[in-house]
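Working through the structure, step by step
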Amino acid sequence: AQSVTQPDIHITVSEGASLELRCNYSYGATPYLFWYVQSPGQGLQLLLKYFSGDTLVQGIKGFEAEFKRSQSSFNLRKPSVHWSDAAEYFCAVGSYNQGGKLIFGQGTELSVKP
Amino acid sequence: NAGVTQTPKFQVLKTGQSMTLQCAQDMNHNSMYWYRQDPGMGLRLIYYSASEGTTDKGEVPNGYNVSRLNKREFSLRLESAAPSQTSVYFCASTVSGSGNTIYFGEGSWLTVV
């Protein structure tokens, strides 16, 4: 079955600390992988995406993610978290011929302590 | 550039009432999608339209109908609303093919009482 798992429902980090949000997927085809962020009451904003090539991808707001095919993972990282990063983060998987048909993880809520 | 526009943003319905969520995109995208978001479940695909004139069921289509009115517009209809349809609904669009970004609307908050 195709699925995306974000093992951490809620994470709290201190401002300035590093962050890693985990994402594991199960997908039959070559995966296209995405990370989206959602602030309260807002829509989804694309942070970064991986289709092919370099397995370390850079996104907006200082985020990066690394695709590890052997581990079926696409973890999101940020070296130093800012208070404005507090939001919910979603990992999603799709494929070339599926267009916008994505399978989303359950989401990870990030809280940032001052 | 408006992107993907959804209306209404908020709606409260009584059980059994009907309503239509409207979605329009101004990016000349061929594919459009309706998702619902529920706590702890991420987003799940309700229906999609790969191109004008076609619609297909997604993961959770029961209780919904859709219409791809033209290339720009894709509406989602609840014929007889149920409390289980209380959710946040997102419309999205893209151009199918490698590397194309999927654009989401800002969401429609629907409460069925």
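A quick note: this is a predicted structure, and the numbers were derived from the prediction, not measured.

1. Re the environment of Leu13(B)
Residue and element names in this part refer to chain B. One can find Leu13 in strand S2 (residues 10–13). The class of Leu13 is buried, set by a relative accessible area of 5%. Between the C-alpha atom of Leu13 and that of Ala81, which follows or precedes it by 68 residues, the distance is 7.3 Å. Contacts of Leu13, omitting those with residues within four sequence positions, involve Ser18, Met19, Ala81, Leu110, Thr111, Val112 and Val113.

2. Side note on the nonpolar core
In this structure, Leu19(A), Trp35(A), Leu47(A), Leu48(A), Phe74(A), Leu76(A) and Tyr89(A) are the most contacted members of the largest nonpolar core, which totals 27 residues. Top contributing element to this core by residue count: strand S10 (residues 87–94) of chain A, with four residues. If near-sequence neighbours (up to four positions away) are discounted, Leu76(A) is found in contact with Leu19(A), Glu20(A), Leu21(A), Trp35(A), Leu47(A), Leu48(A), Phe63(A), Glu64(A), Ala65(A) and Tyr89(A). Counting residues in hydrophobic clusters, the runner-up holds 21 residues, among them Met19(B), Met27(B), Tyr89(B) and Val112(B).

3. Topic: the environment of Thr20(B)
Residues and elements named next belong to chain B. Locating Thr20 in the fold gives a position in strand S3 (residues 19–25). On the basis of relative accessibility, which here comes to 24%, the residue Thr20 falls in the partly exposed class. Those residues in contact with Thr20 that lie beyond four places of it in its chain are Thr7, Pro8, Ser75, Leu76 and Arg77. A polar side-chain atom of Thr20 sits 2.9 Å from a polar atom in the side chain of Arg77.

Cut-offs applied
- Each chain carries its own residue numbering, running from 1 in the written order of its sequence.
- Chains and ligands are labelled sequentially in the order written, the chains with letters from A and the ligands with numbers from 1.
- Residues qualify for local features only when their pLDDT is at least 70, as the model is predicted, and side-chain atom pairs are given and counted only at 80 or more; totals for whole chains, interfaces and linings, by contrast, use all residues.
- Only hydrogens and water are removed before side-chain values are computed, so all heavy atoms of the structure are retained for them.
- Working definition: helices are DSSP H or I runs of at least four residues, strands are E runs of at least two. Numbering for both runs from the N terminus.
- Burial status follows relative accessibility: with a 1.4 Å probe on protein chains alone, a residue under 20% of its type maximum counts as buried, one over 50% as exposed, and anything between as partly exposed.
- Contacts between residues were defined by any pair of non-hydrogen atoms, one from each residue, lying within 4.5 Å.
- The criterion is simple. A nonpolar core is a set of buried Ala, Val, Leu, Ile, Met, Phe, Trp, Tyr and Cys residues joined through side-chain atoms within 4.5 Å.
- Pairing of N or O atoms within 3.5 Å defines a polar contact, subject to two protein rules: one partner must be a possible hydrogen donor and the other a possible acceptor, and residues neighboring in sequence count only if both atoms are side-chain atoms.

Keep in mind these values describe shape, not function.
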